[in-house]
Each structure stands twice: as structure tokens, then as C-alpha cells.
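Here is how the chains run, residue by residue.
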Amino acid sequence: MPLHEYELVDDEAALGHALDRLASLDPVGVDVERADWNRYYRAPALIQVGGQGRVVLVDPIRIPELKPLHDFLAQRTVVLHAMENDLSPLAAVGVTPVAIEDTAVAAAILGLPTGLEALLREVLGVSLDADKQAMQRANWEERPLSEKMLRYAAGDVADLPALWQALAERLEEAGRTSWYREERDAIRQQPPAEERREWTRTKGAGRLDPAARTRLRALWDVREELGRATDTAPGRIANDRVLVDLAVSPPAAASELGRRGVRRQAVRDFGEELMAALRNGDALAEEPGSRPRSTRPSEAHRAAAERLRALRAERARQLGIDPGVLCPSRTLLAAVATDPSTPEELRDALGLRSWQWEQLGAAFCEALALDGPGKPPPVTAPTPADQDDADDRPSQP
């Protein structure tokens, strides 16, 4: 890993002086190592700030008052990598950047790798030699932090400003700066991750019968309530696989939950609430009209969604980006199943941004025999062998 000059600041009195040594940096890179693996709400364990090889590592556990950091960042352009991972924990300690750029968003728009390590290597020729998986599993709340952890943390931000400058030039050259800005702003305006959770996104929910879906909904709601009330990560109460299993085949008593995959501590703390949720789900399932309505699409809907999927894949190939950046896979079938009758209804159902609609709208409307929004981009439907079922936007660490 390249050598970087870094300083750990765990004393409030030293924070201002440390930030003064970064005063010439604008833009400035920022990253967060989180301390919320077992918590419902996102929280920071370490905040990295820097660029041009100089980094200040701020300890928010030891420094409760971070107004100097907030003020420092408010006067600069802040470069993040996958801002949705960092904005909530920063806000939790009173740090809210004003001007933000995101290298992961820029990379996705350009069709580049969105993982930071691969992106730095491809764009700047910088290699990060740390064991990323080990660092992601590390306990960032432990004190003192090891030198290995500190070097890794510094490496994540030392080159972010330079990376952003290079990506900004590529966006301009490709004529995609406006695409990037629209994506950046839309992601920034999203509510916190805790507010975007939906029980219908639980893996396996769509295959359940109506009674099991009703029980799953009741379990999911209670798990969310318990998580918020106790600041416990939902997976520490019962992971999604366990929830689905309990909904399909409910246990007779809380004492059976441990054998069904619920952690022993969670059984002691939350077992009775989970059992009450199952009973409530059974009661709701018996009431007419109370079960979650099945939204299984028809074969005609599936065929129409496949036509859109093929068109999307070909347009993405032409643009050199991941298909999920153009339109997330999960929205295609759901949108078609709403039976849109106008281009506006289709766009709303898909939730596409302006730049995405410009690339896909006309072709999608033509495929669904809607009155389209103008001449479509040149899109040729690929052969079945070319129709890879691309997943959603690439994961952003």
C-alpha cells in the first residue's frame, strides 16, 4: 500500500489544529468506518479526512463535539465513495457536508468498476494492498486501533480528490456530466437506509402462500419495531431466512426458536414478541381481505418484461455501462404488471430519472405499444443468448 502521511486525532483540543494542516485541500476526501454491525441505526467509529497523501483520522467515539469538522467540510467540496454508506453516520454526529461528489456514482455512469480498490487501480494506477475483507470484518470500535487498521483507513481517502478530478474529466469528455449530477442528487435526496426498508424485499417472500405472507409481514413489522426501540440490527434479532422459515412453519413455543436459527440471546430478549407476531399473523390471515394481496404477474406481463430487459441490455451494451445503472432489474416486471397505458405511467412505475428515460423511454414505449416520447435511440433486440439477466446497480462498498 502506498505510504501516506496520517494523524489520528482522539482529543477535542487537537482537532482544529489537525484540520488546519489540511486547509489547502479543496476538494477533500472523506470516508467513514462504521460501528453499527449490531445496531439498527448507522454510527461512525472513525472518520477519515484528507487528500494528496495527507489524512486526518478523527475518532468520533473519543471526541463528542465535532463542530470543527462540520465547519471545515462545509467550506469545501467533499468527495465520498458511495455516499449512501457515509452520509447517515456523519449526520448522526452532527457533520453534514454541503457540496458533495461521489466517485462510485461517477464510475457507474462511465461503466468503470465501482469498487474503490479496482477503480483506483484502473484510473490512477494506485494499488491498495490491505486485506479489504479482513478490514471490513474488523471491530472499528476497539481501542486502540491497530497500525494496520489506521493505514488501511488512511488509504481509503488519500487519493479520493485526485480520483474525482480524473473521473470528472472523463464525464465531461463523454458528455455524461448531467447524467452523473442527476444520479448524485437523487441518491443524496434518498431517506436514510432505515427508512427505505420494505418487507416485500425479503428474499423468498414472493414464493409464499397468502397465509405465510401475512405471518411474514407481522414478523417483519415486529422485528423493525424491536430494532428501532433497542437499536439492534434486524439480523441480530432474526435474519431474513429465519423469518421466512418461521412464517412457513410457525413453532409452537418460544423455546423452539433457538432450534430454528434465532440466536439464544435474541430468544431471551425477543422470543415472546416474535411468537406474538406469529399469532397475530395467524389471526389476521383468518380475517377476510386482510392478507397481503398476491401480486404475481401474468405470463403476458413476464413476456413484456423480458422484451424490456432485452432492450435495456442492448442499450447498456451500446453505452458501455451496467444494465442496472440504466434501470434496476427488480423494477421491470413490477412496472409492467401495473399495466401502464401512457408513457408517463410507465416512467413513473419504473422510477426512471430523466437521463435514463431519454435512453430507454421511446424503445420501451414502442415495445409496449404505447405512444412513445419521440424517436427511440437505435436499439436492436439481442438474441436470447445475449440476454443476460443483469442485476441491479453494482454494489458499492
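Heads up: the structure comes first, above all this text.
Keep in mind it's a predicted model, so treat the numbers as computed, not measured.

Take the packing of aromatic side chains next. Given two aromatic rings, one states the distance between the centres and the angle between the planes to describe the pair. Following the criterion strictly, the structure yields 4 aromatic pairs and no others. Centre to centre, the rings of Tyr40 and Tyr41 are 5.0 Å apart; their planes meet at 75°, and the pair counts as edge-to-face. The residue whose ring lies beneath Arg76 is Phe72, and the NZ or CZ to ring-centre distance is 3.9 Å.

This brings us to the pattern of salt bridges. If you walk through the whole model with that rule in mind, you get 18 salt bridges. Between Arg353 and Glu183 there is a salt bridge, and its shortest N-O distance comes to 2.7 Å. Placement of Arg353 in the loop between α17 (343-350) and α18 (354-367) and of Glu183 in helix α9 (residues 177-188) is noted, with a sequence separation of 170 residues between them. Residue classification places Arg353 among the partly exposed residues on the basis of a relative accessible area of 21%. For Arg215, the salt bridge goes to Asp282, with nearest N and O atoms at 2.8 Å. Residue Arg215 is located in helix α10 (residues 210-230), and its partner Asp282 is located in helix α13 (residues 264-286); the two are separated by 67 residues in the primary sequence. Using a relative accessible area of 30% as the deciding quantity, one classes Asp282 as partly exposed. Each of Glu101, Arg184 and Asp185 takes part in salt bridges that share partners, so that together they form one network.

Residue position: Asp102 is located in strand β6 (residues 99-102). What makes Asp102 buried here is its relative accessible area of 0%. Within the local environment of Asp102, its side chain forms a polar contact with the backbone nitrogen of Val105, the two atoms lying 3.1 Å apart. Residues within four places of Asp102 in sequence aside, it is in contact with Leu80, His81, Ala82, Met83, Glu84 and Tyr180.

The next point concerns the pairing of β6. One ladder, built from 4 bridges, connects strand β5 (residues 77-80) with β6; its direction is parallel. Note that in β6 the partner of Leu80 across the bridge is Asp102. Read as a crossover between parallel neighbours, the route from β5 over helix α3 (residues 87-92) to β6 is right-handed.

Most of strand β3 (residues 44-51) sits out of view: 8 of its 8 residues are buried. Two strands pair when backbone bridges link them, and strand β2 (residues 28-34) and β3 are joined in this way by 6 bridges, in the antiparallel orientation. Paired with Glu33 across the bridge in β3 is Leu46. Sheet topology places β3 next to strand β4 (residues 54-58); 5 bridges connect them, and they run antiparallel. Across the sheet, residue Gly51 finds its bridge partner in β4, namely Arg54. Where β3 hands over to β4, the hairpin turn is made up of 2 residues, of which Gln52 adopts a positive phi near 50°.

By size, the foremost hydrophobic cluster in this structure holds 87 residues, and its most contacted members are Val49, Leu73, Trp140 and Leu350. Once residues within four sequence positions are removed from consideration, Trp140 is found in contact with Glu33, Arg34, Ala45, Leu46, Met135, Leu145, Met149, Tyr152 and Ala153. Formed by 26 residues, the second largest nonpolar core is a distinct cluster that contains Leu246, Val262, Ala266 and Phe270.

In spatial order, the strands read β1-β4-β3-β2-β5-β6; together these 6 strands make up an open sheet with mixed pairing. The sheet terminates laterally at β1 (5-9) and β6, the two strands that pair on one side only. The sheet shows a mean angle of 25° between the axes of neighbouring strands, direction not considered. Relative to β4, β1 runs parallel, the two being bridged by 5 bridges. Pairing of Leu8 across the sheet is with Leu57, part of β4. Running over the sheet, helix α1 (residues 12-20) touches β1 and β4 and is turned about 155° from β1. The sheet strands contacting helix α7 (residues 147-155) are β1, β2, β3 and β4, and the helix crosses β1 at an angle near 115°.

Basis of the calculations
- Residues numbered from 1 in each chain as written.
- Predicted model: local features only at pLDDT ≥ 70, side-chain atom pairs only at ≥ 80, totals over all residues.
- Heavy atoms only, no water.
- Phe/Tyr/Trp six-rings, centres within 6.5 Å; stacked < 30°, edge-to-face > 60°.
- Lys NZ or Arg CZ within 6 Å of the ring centre and 35° of its normal.
- Salt bridge = Lys/Arg side-chain N within 4 Å of Asp/Glu carboxyl O.
- Helix = DSSP H or I, 4+ residues; strand = E, 2+ residues; numbered from the N terminus.
- Buried < 20%, exposed > 50% of the residue type's maximum accessible area, 1.4 Å probe, protein only.
- Polar contact = N/O pair within 3.5 Å; in protein donor to acceptor, adjacent residues only side chain to side chain.
- Contact = heavy atoms within 4.5 Å.
- Pairing = 2+ DSSP bridges.
- Right-handed = clockwise from strand over helix to strand, strands pointing away.
- Core = buried A, V, L, I, M, F, W, Y, C linked by side-chain atoms within 4.5 Å.
- Axes fitted to C-alpha atoms, helices over the stretch in contact; angles between N-to-C directions.

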